[in-house]
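Residues per chain are reported as follows:
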Amino acid sequence: MKENLIARSLFTLAICIVIGSWFISNGLKEGDRLIAEQLSDGIEATQSNKIDAEQNQLLTAKQLSNYLGISNEQVTQLFPDSNGKSVIPYIKIKGELFFPKAAIDKWLQEIEAISINR
């Protein structure tokens, strides 16, 4: 009787181990799939953000007009004069003007503060 009880207990334990292993295996597979999806989504998002950030650091005159919501003619009025003085921050690279987006944002905040104070 005691031997029979031990055999049943071992058999039940073995069945529980097999079923538990099966549950763990399925959970790991599902978890791996979810992690893989999240990683691939995260990598894609990071890459697209990095590309967007790299592409939008310096704006051309046309991009600046779109960014500010003004016409190209109005943007050219903001260009530096013959003395190199400009009301808007810019960088000149090989004779072409570029406008740093961060500097433009800061400039807009300063202009807004000046307009509000007047």
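Residues numbered from 1 in each chain as written. Predicted model: local features only at pLDDT ≥ 70, side-chain atom pairs only at ≥ 80, totals over all residues. Heavy atoms only, no water.

Some points on the confidence of the model for the protein chain
No. 1: Mean pLDDT over the protein chain: 78, with 74% of residues reaching 70 or higher.
No. 2: The secondary structure element of the protein chain with the lowest average pLDDT is helix α1 (residues 2-55), at 72, and the one with the highest is strand β1 (residues 58-59), at 90. (pLDDT = per-residue confidence, 0-100. Helix = DSSP H or I, 4+ residues; strand = E, 2+ residues; numbered from the N terminus.)

Looking at the packing of aromatic side chains
No. 1: Summed over the entire model, instances satisfying the criterion amount to 2 aromatic pairs.
No. 2: With 5.2 Å between their ring centres and 55° between their planes, Trp 22 and Phe 23 make a pair best called tilted. Residues Trp 22 and Phe 23 agree in their burial class; the two are exposed.
No. 3: Ring geometry for Phe 79 against Phe 99: centres 5.8 Å apart, planes inclined by 25°, an arrangement best described as stacked. (Phe/Tyr/Trp six-rings, centres within 6.5 Å; stacked < 30°, edge-to-face > 60°. Buried < 20%, exposed > 50% of the residue type's maximum accessible area, 1.4 Å probe, protein only.)

Regarding the nonpolar core
Proteins that are soluble and globular tend to have nonpolar side chains buried together.
No. 1: With 9 residues, the main nonpolar core is built from Leu 59, Leu 64, Val 75, Leu 78, Ile 88, Leu 97, Phe 99, Ile 104 and Trp 107.
No. 2: Setting aside chain neighbours within four positions, we find Phe 99 in contact with Gln 57, Leu 58, Leu 59, Thr 60, Ala 61, Leu 64, Phe 79, Ile 88, Pro 89, Tyr 90 and Ile 104. (Core = buried A, V, L, I, M, F, W, Y, C linked by side-chain atoms within 4.5 Å. Contact = heavy atoms within 4.5 Å.)

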